[in-house]
Amino acid sequence: MPYIIGVGCTPFKKQIDQSFRDLSKTAITQCLSDSQSNAKPEIVYFGNCAMHAFGQANIRGQTALWPLMQEEIIPTRTPIVNVEAGCATGSVAFHSALQALHQHDFSMAVGVEKLIFENDPKLLKSFPLFGDGIDKNHSEEWMSFYRSQSQKHNLSFQPHPYRVIFIDIHAMQAQHSLLKGSCTKE
């Protein structure tokens, strides 16, 4: 049976002076300390969605965790699997780490995100980052689908350019779940 033996977390706040490496190190060292074990992860699932806005589009976990390998906090050559699943990134990283316990004794899930760029006005703000959280190449296809679903189930679906489209989609799906849950069988 798998066990969670340690957790670590940075404060949820604007941490402009902290890098992805800094945030990763804080969370991971807290986790390893909390585990009260000398065990080291055999595989790491690194969750991140927006590091590309800071210039790192690929190998995000490898770049963020490299100093931890240099300090031998994480063993050198530990496989690092990068995970990106929109709003579910942390959950998918965690689920993947649990699944890895079928092959490994110690797996780790790490999620690191920075969405505020006040220290560099040339960088995008967080709102535009989420505009890519939808299929940009087939927009008419999915817009048609969600419009038809809203009509079919009598749900509100009114995308607006000042909102992130997938939040409108999630809101429509939540309406559907709430309405479906309020129906009783006779």
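Refer to the structure presented above.
Residues numbered from 1 in each chain as written. Predicted model: local features only at pLDDT ≥ 70, side-chain atom pairs only at ≥ 80, totals over all residues. Heavy atoms only, no water.

Asks: Help me out: how do you make sense of the side chain of T10 in this one?
Replies: Counting through the fold element by element, T10 comes out in the segment before α1 (20-34). Setting aside residues no more than four positions away along its own chain, T10 makes contact with Q15, L23, T26 and A27. (Helix = DSSP H or I, 4+ residues; strand = E, 2+ residues; numbered from the N terminus. Contact = heavy atoms within 4.5 Å.)

Asks: Looking at this structure, I do not really get the packing of aromatic side chains. What am I missing?
Replies: Under the defined criterion, the tally for this structure stands at three aromatic pairs. Ring plane angle 80° and centroid distance 5.1 Å describe the contact between F20 and F54, whose orientation is recorded as edge-to-face. Residue F20 is found in helix α1, and its partner F54 is found in the loop between β1 (43-47) and α2 (60-70); the two are separated by 34 residues along the sequence. Taking relative accessible area as the criterion, F54 reaches 30% and is therefore assigned partly exposed. Ring centres of Y146 and F157 lie 6.1 Å apart, and the angle between their planes is 45°; this geometry places the pair in the tilted category. Taken together, the positions of Y146 in helix α5 (residues 139-152) and F157 in the loop between α5 and α6 (165-182) put the pair eleven residues apart, joining distant regions of the chain. Note on F157: relative accessible area 11%, which makes it buried. A connected cluster of aromatic rings, assembled from ring pairs, spans F145, Y146 and F157. (Phe/Tyr/Trp six-rings, centres within 6.5 Å; stacked < 30°, edge-to-face > 60°. Buried < 20%, exposed > 50% of the residue type's maximum accessible area, 1.4 Å probe, protein only.)

Asks: Explain the environment of V112 here, please?
Replies: Residue placement: V112 occurs in the loop between β3 (107-111) and α4 (126-129). Accessibility expressed as a relative area gives 4% for V112, which makes it buried. Separated by 65 residues in the primary sequence, V112 and G47 place their C-alpha atoms 6.4 Å from one another. If we ignore the near neighbours within four places in the chain, the residues touching V112 are F20, L23, S24, F46, G47 and N48.

Asks: How should the packing of α1 against α2 be read in this particular structure?
Replies: Each pair of packed helices can be summarised by the angle the axes make with each other and by the distance between the axes. Between α1 and α2, the shortest axis-to-axis distance is 8 Å and the interhelical angle comes to 55°. Relative to α2, α1 is oriented oblique. Crossing of α1 over α2 shows right-handed handedness. The segment α1 lies against α2, with F20, R21, S24, K25 and I28 engaging T63, A64, L65, W66, P67 and L68. When grouped by side-chain class, the residues that make up the contact of α1 with α2 number seven nonpolar, two polar and two charged. (Axes fitted to C-alpha atoms, helices over the stretch in contact; angles between N-to-C directions. Parallel < 35°, antiparallel > 145°, perpendicular 65-115°, else oblique. Left-handed = near helix turned anticlockwise from the far one by under 90°. Nonpolar A, V, L, I, M, F, W, Y, C, P; charged D, E, K, R; others polar.)

Asks: Teacher, can you tell me more about the pattern of salt bridges here?
Replies: Side chains that differ in charge, positive against negative, can pair when their charged atoms come close. On inspection of all chains with the given rule, the structure shows one salt bridge. With its nearest N and O atoms 2.9 Å apart, the salt bridge here joins E71 to K25. Placement of E71 in the loop between α2 and β2 (80-83) and of K25 in helix α1 is noted, with a sequence separation of 46 residues between them. (Salt bridge = Lys/Arg side-chain N within 4 Å of Asp/Glu carboxyl O.)

Asks: Is there a simple way to think about unusual backbone geometry in this case?
Replies: For residues besides glycine, phi is generally negative; the peptide bonds are generally trans as well. A positive phi angle is found at Q36, which is not glycine, with a value near 50°. Inspection of the secondary structure assignment puts Q36 in the loop between α1 and β1. Even without being glycine, R77 reaches a positive phi, approximately 75°. Tracing the backbone through its elements, the reader meets R77 in the loop between α2 and β2.

Asks: Just to check I follow, could you spell out the side chain of S35 for this structure?
Replies: On the secondary structure map, S35 appears in the loop between α1 and β1. Overall, the relative accessible area of 11% leaves S35 in the buried class. Excluding residues that lie within four positions of it along the chain, S35 makes contacts with I5 and G6.

What is shown is where atoms sit, not what they do.
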